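Residue-level structural notes
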Amino acid sequence: MDIFTRYVYNLPSELVRNPQMKLYLAGDDDYVRVLIANEMRKYNATDAFIDNTLFYVKSTGYLFSKTGSAYSVQDFETPGFGYYYPDWPQKEMFEQLNNLTAPTVRAAENVIVPGNNRARMLTFLLPLPLGGPNSPGAVLIMVREHTIIRMMKSVSEAYNGNFFIFDEQGNRLVASNQTDYSDSRDFKDLVSRLGGSESRSGSGIYLINGESFIVSYDVSDMNGWKYVSLVPVTETVQDIRSIQRNTVIILVAILLLEVVVIYVSIRKNYDPIKRLVHFAANIFTPSEPRRMNEIDTIRYALDQLSSANSKLDEKLKSTFPVVRDNLLFELVSGRYPSWEAFESEAAAYGLSFKHPYFAVAVLTFDAGEESFGSVETYCRSIENSLPEGLEGYFCKSIYTQEMVFICCHSRGFQLKAFLDQLQRELTDRTSIRTLIGAGTPQSSPEGIHSSYLQALRAAEHLRFRKQYSVLSFDEIKIEQVSSVSYFAELMQSLELFILKNDVSSIEAVIERIIDNIGSEATPPHMVRTLYLNTISLIFNGLQRFRRDDQSYLQLTGVAFLQRYTIKQMADILRESCGKLCDFIREAQPVSRTASMEEILAFIEKRGMDPDFSLQLIADHFNMSLSNFSHYFKKTFGQNFKEYVDRLRIQKSIQLLRSTDEPLEFISQKVGYSNTSSFIRSFKKIVGTTPGQYRESNK
């Protein structure tokens, strides 16, 4: 416990020393908040002990968890989305966090975790090293009560009864069971006396409420916590007597059983053993057919065993292709430490590479699982009839409908011509469209892995562009593009919107990514990278809501373990994004729908204030930013900013025509923070500047 709690108390200083967490800039920069969320994933070294860590940054109003999720202060008001403490009101919680000056531990209590599940949590409240009102934040660390109890009972035989943890003031933090004596005066006096100056640990027999208990205790040198275990004396004595009685009974039963077995063996097995010896001596002597006696029965059983052994050998031989394929795929994946290590294992399966040049090709088939069997059979059948100067082997890829050809060839051998011929033969014999991507020949065995990576990229190019049937890596035309930074910005935007639970923005970014995946301007080798990065971000978001959902795990396997077309990638992204958006909508608190009259009245009242914003009016009607924006556009036929800008410009037109006030005064009067923003909006809507409008309407 001291090891784990030491990590807990040291965590705030580690967070402050992290140069990536620019805490005092987080309130002004969304990207800094994304960096903080990503950095928090590094602080999960004690997952077996800590359930979750929440880093509260005052300037942002967000709490960042060690899983990379972000929760707003409002998420803790209602059960289901954030962490909800029924006995610790949200307002009181954040007042305590904002003014925290010393580490505090809340006793184990019921907490409603995200997803409406309940758990008993021990909560550590730790200020950042600065502390007080000038501190940038605080840390909440939650530990499940049953985790502590299970850990203490598993590491020490002393804690085998009712187990308690008290802090140095004697307040109870954790209890394994609710007992009748835990709140009694005798028990509290006993706890206060334990761990005095004479001893920091020990055990003894104590009287509590008239009953004797064996009490074991330890006092932590780090924080003064007391670990106490109590076992009734009567229960212990009964257990000892029960163990003694059971031991005697078992010993007597074992002795009786041995006597019976020895007697039966001597009495019943003498004659069969003698016959078996006689049979062994005359096993090769021919005999006439006769009725089966005991010896014939044994002989028949031995024949059956021999037959079963032969069948087992056949099954074992049938596994050779599977093992051989694993060896070959490990080779192309670059997992062998040396070429000698591969040769030592491959010799038993007849694998050898004798020519000086090595290359790999990837064969992709447009076929179902039934048809793919015939393709695999044909590929393996031609291994022994390859042209002179070429030696190679086919093995299955980790992806379905894909084979890998590993070969070596002599100098001057035309590998591309052979692959062209192989592609035509496969298409003619199986009527299945075949695409072959080939890596460049390498002059050493270590280059096989590099050639395999090149073959994968060439095959990917063929699958998406479909201009050829056979393509070598050195034939790919590499175009200079500058789209990497744009894709990185899309990924950052998507990650930010998922953290903010902004459904409409998530859907918009996903559609932009799908458009880029299907664009001819996107290089084929970047299509799969963009798809995998996007689906990973979506699954990270899904994990926040459905951590133990089996359907989520199945969807993960489907998304990553297949070779998909661009259309299939787009369908998977849309389906996964739809699930994530549905979970976000379900988790968000139910908001009431404001009427048009209520919205117009509030805009009339506050619309000309400089601090009037979409967030302000959404908070007023208890709606999320995205929900209110969608509802406003649906109700009024235009977005919120356009409506407010037009209203402000109409008011400014009245002031320009009826007063001689300067533009700076008018811009502030209608709610603009600076004159340049007012002039820009006025010209966009009216078509002229405010000064030109006033001059023409004198």
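Just above sits the structure.
Cut-off values and rules
- Residues numbered from 1 in each chain as written.
- Predicted model: local features only at pLDDT ≥ 70, side-chain atom pairs only at ≥ 80, totals over all residues.
- Heavy atoms only, no water.
- Helix = DSSP H or I, 4+ residues; strand = E, 2+ residues; numbered from the N terminus.
- Buried < 20%, exposed > 50% of the residue type's maximum accessible area, 1.4 Å probe, protein only.
- Phe/Tyr/Trp six-rings, centres within 6.5 Å; stacked < 30°, edge-to-face > 60°.
- Arc of directions from axis to C-beta.
- Contact = heavy atoms within 4.5 Å.
- Axes fitted to C-alpha atoms, helices over the stretch in contact; angles between N-to-C directions.
- Parallel < 35°, antiparallel > 145°, perpendicular 65-115°, else oblique.
- Left-handed = near helix turned anticlockwise from the far one by under 90°.
- Nonpolar A, V, L, I, M, F, W, Y, C, P; charged D, E, K, R; others polar.
- Patch = residues over 30% accessible without salt bridge, like charges linked within 9 Å, V, L, I, M, F, W, Y side chains within 5 Å.
- Areas by Shrake-Rupley, 256 points an atom, 1.4 Å probe, with all protein chains shown as cover.
- Salt bridge = Lys/Arg side-chain N within 4 Å of Asp/Glu carboxyl O.
- Expected span 1.5 Å × (residues − 1).
- Bend = angle between axes of the 7 residues up to and from the residue.
- Pairing = 2+ DSSP bridges.

So, unusual backbone geometry
The backbone of N209 shows a phi angle near 55 degrees, a positive value even though the residue is not glycine. By the element assignment, N209 lies in the loop between β9 (201–208) and β10 (211–219). Taking relative accessible area as the criterion, N209 reaches 47% and is therefore assigned partly exposed. In this structure, S431 takes a positive phi of about 60 degrees despite not being glycine. By the secondary structure assignment, S431 is in the loop between α12 (415–430) and β15 (434–438). By relative accessible area, S431 is classed as exposed at 66%.

A short note on the packing of aromatic side chains
Counting across every chain of the model gives 36 aromatic pairs. On the basis of an interplanar angle of 50 degrees and a centroid distance of 6.3 Å, the ring pair of F353 and F358 is categorised as tilted. Neither F353 nor F358 differs from the other in exposure class; each is buried. With 5.7 Å between their ring centres and 50 degrees between their planes, Y672 and F678 make a pair best called tilted. Both residues of the pair, Y672 and F678, belong to the buried class. In textbook terms, an aromatic cluster arises when at least three aromatic residues are bridged by ring pairs, as seen for F602, F612, F621, F628, F632, F636, F640 and Y643.

What to know about helix α3 (residues 90–98)
All buried positions along α3 are accounted for by Q90, M93, F94 and L97. On an axial view of α3, the arc spanned by its buried residues comes to 85 degrees, and they lie on one face. Where α3 is buried, its residues contact β1 (52–57), β2 (62–65), β5 (117–127) and β6 (137–144).

Remarks on the packing of helix α16 (residues 524–545) against helix α18 (residues 566–587)
In the contact formed by α16 and α18, the axes pass within 10 Å of each other and the chain directions differ by 20 degrees. Overall, the two elements α16 and α18 adopt an arrangement that is roughly parallel. For the element pair α16 and α18, the recorded crossing hand is left-handed. Every residue of α18 that contacts α16 at V527, R528, Y531, T534, I535, I538, F539, G541, L542 and F545 is listed here: I566, M569, I572, L573, S576, C577, K579, L580, F583, I584 and A587. Looking at the contact of α16 with α18, its residues break down into 16 nonpolar, 3 polar and 2 charged.

Quick notes on a nonpolar patch on the surface
Taken together, V248, V252 and L256 make up a surface patch of nonpolar side chains, about 280 Å² in accessible area. Residue position: V248 is located in helix α6 (residues 233–268).

A short note on helix α1 (residues 2–17)
Taking 1.5 Å of rise per residue, 16 residues should cover 22 Å, and α1 covers 23 Å from first to last C-alpha, within 8% of that figure. At L11, α1 is deflected by roughly 40 degrees, the largest bend along its length, and proline P12 occurs up to four residues later in sequence. Among the residues of α1, T5, Y7, V8, L11, P12 and L15 are the ones counted as buried. Contact partners of the buried residues in α1: α2 (30–40), β1, β5 and β6.

A look at the sheet that holds β2
If you walk across this open sheet you meet the 6 strands as β3-β2-β1-β6-β5-β4, and the pairing is antiparallel. If you trace the sheet from one side to the other, it starts and ends with β3 (70–72) and β4 (104–113), each paired once. Going across the sheet, the axis of each strand differs from the next one's by a mean of 30 degrees, ignoring polarity. Sheet topology places β4 next to β5; 8 bridges connect them, and they run antiparallel. The residue of β5 that forms the bridge with T104 is L125. Together, β1, β2, β4, β5 and β6 form the strand contacts of α3, whose direction differs from that of β1 by roughly 70 degrees.

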